[in-house]
Amino acid sequence: MASNDSDNLPDFGSSELGTKEYWDSAYEKEVDNFEDIGDVGEVWFGEETMDKIISWIEKCPEVKANDPIIDLGSGNGMMCIELSKRGFSQLVGVDYSELAVMLSRSVAKAEGCEEVVFETGDLITSERPNQCTCLTRKYKVVLDKGTYDAISLSPHDSQSAQLGYLATVKDLMDSDSLFSITSCNWTKDQLTDFFKDFKLHDEIKFKTIQFGGKTGSTYTSLVLKLST
Ligand SMILES: C[S@@+](CC[C@H](N)C(=O)[O-])C[C@H]1O[C@@H](n2cnc3c(N)ncnc32)[C@H](O)[C@@H]1O
């Protein structure tokens, strides 16, 4: 088991967003919408957030255009597709919903980004190495936007799911890799506490909101590296 003590993990309770049934049904509708009216569906946390993350990667001196990049829980594939349009050439998206993978391949084809690889794979399987080929290698950049949030809401033992996810992320990284995680559920402190075998490399800042005399950010977006 990973070094985290599962008794210390905050519990947000369960939600249908933590089930594969929910995502399969959501992407079934999105596949139909894309076929009918060309709507790519939801970009989680909005296009501005995606753009900020991509701009961070573009400006990062450590990341070259031909470095391997993986997007975990790639959904409709827009993160990889946008990265491809901005010149990144080794892109992989992985999602456990076959329908999401189908949608992302269709969107990539329509956008002229067919070189992006999309594979079906479960990020919390306990089998190591994972049966999905794209989860058996190392990446320079590992991306997550909203996927750890969804996994944390699993109604089937969310703490095991979180620890399984942690083990997968570590398997995909080496000492030079960067892990970019963007969340709407977790604070910076909670993320750095959970990813305790990592060190904080950078933070991507978003618009702040003020409420009840306090100022906060809508999302938390951190870039982490494995502690050596
Ligand atoms: C909130 S959506 C985010 C989608 C995309 N990253 C975005 O930002 O638009 C969460 C995604 O994670 C995927 N997902 C959830 N649990 C997963 C798991 N255990 N393995 C792989 N994908 C998972 C869902 O199918 C869904 O596409």
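For the structure itself, look to the data block above.
A few points on the structure. (Residues numbered from 1 in each chain as written. Predicted model: local features only at pLDDT ≥ 70, side-chain atom pairs only at ≥ 80, totals over all residues. Heavy atoms only, no water.)

### Examining the pairing of strand β9 (residues 220-226)
- Most of β9 is tucked away: seven of the seven residues are buried.
- Alternating positions in β9 separate into two faces, Thr220, Leu222, Leu224 and Leu226 on one and Ser221, Val223 and Lys225 on the other, with burial throughout.
- Inspection of the sheet shows strand β5 (residues 178-183) paired to β9 by five bridges, in the antiparallel sense. Following the sheet pairing, Ile181 is matched in β9 by Leu222.
- Bridge count between strand β6 (residues 198-203) and β9: five bridges; the pairing is antiparallel. (Buried < 20%, exposed > 50% of the residue type's maximum accessible area, 1.4 Å probe, protein only. Helix = DSSP H or I, 4+ residues; strand = E, 2+ residues; numbered from the N terminus. Pairing = 2+ DSSP bridges.)

### With respect to unusual backbone geometry
- In this structure, Phe45 takes a positive phi of about 70° despite not being glycine.
- If you trace the backbone, Phe45 turns up in the loop between α1 (20-37) and α2 (46-59).
- Within the chain, Asp157 stands out as a residue other than glycine whose phi angle is a positive 55°.
- Within the fold, Asp157 resides in the loop between α5 (147-152) and α6 (158-171).
- Relative accessible area serves as the criterion here: at 48%, Asp157 is assigned to the partly exposed category.

### A look at the site of the ligand
- Taken together, 17 residues surround the ligand, and among them Tyr27, Gly73, Asp95, Asp122 and Lys145 come closest.
- In the environment of the ligand, a nitrogen atom lies 2.9 Å from a nitrogen or oxygen atom belonging to the side chain of Asp122.
- Within the side chain of Lys145, one N or O atom sits 2.5 Å away from an oxygen atom of the ligand.
- Burial of the ligand by the protein chains amounts to 97% of its free accessible area of 590 Å².
- Every element with two or more residues in the shell around the ligand is listed here: α1 and α5.
- Here the residues of the shell around the ligand are counted per class, giving eight nonpolar, five polar and four charged. (Near = heavy atom within 4 Å. Polar contact = N/O pair within 3.5 Å; in protein donor to acceptor, adjacent residues only side chain to side chain. Areas by Shrake-Rupley, 256 points an atom, 1.4 Å probe, with all protein chains shown as cover. Nonpolar A, V, L, I, M, F, W, Y, C, P; charged D, E, K, R; others polar.)

### Focus on the pattern of salt bridges
- One pass over the full model with this rule turns up eight salt bridges.
- Notably, a salt bridge pairs Arg86 with Asp51, separated by 2.2 Å at the nearest N-O pair. Taken together, the positions of Arg86 in the loop between α3 (78-85) and β2 (90-95) and Asp51 in helix α2 put the pair 35 residues apart, joining distant regions of the chain.
- By relative accessible area, which is 29% here, Arg86 ends up partly exposed.
- The partly exposed category is assigned to Asp51, whose relative accessible area is 36%.
- With a closest N to O distance of 2.4 Å, Glu111 and Lys85 form a salt bridge. Note that Glu111 is positioned in the loop between α4 (98-110) and β3 (117-120) and Lys85 in helix α3, a separation of 26 residues in sequence. (Salt bridge = Lys/Arg side-chain N within 4 Å of Asp/Glu carboxyl O.)

By themselves, these figures tell us nothing about what the structure is for.
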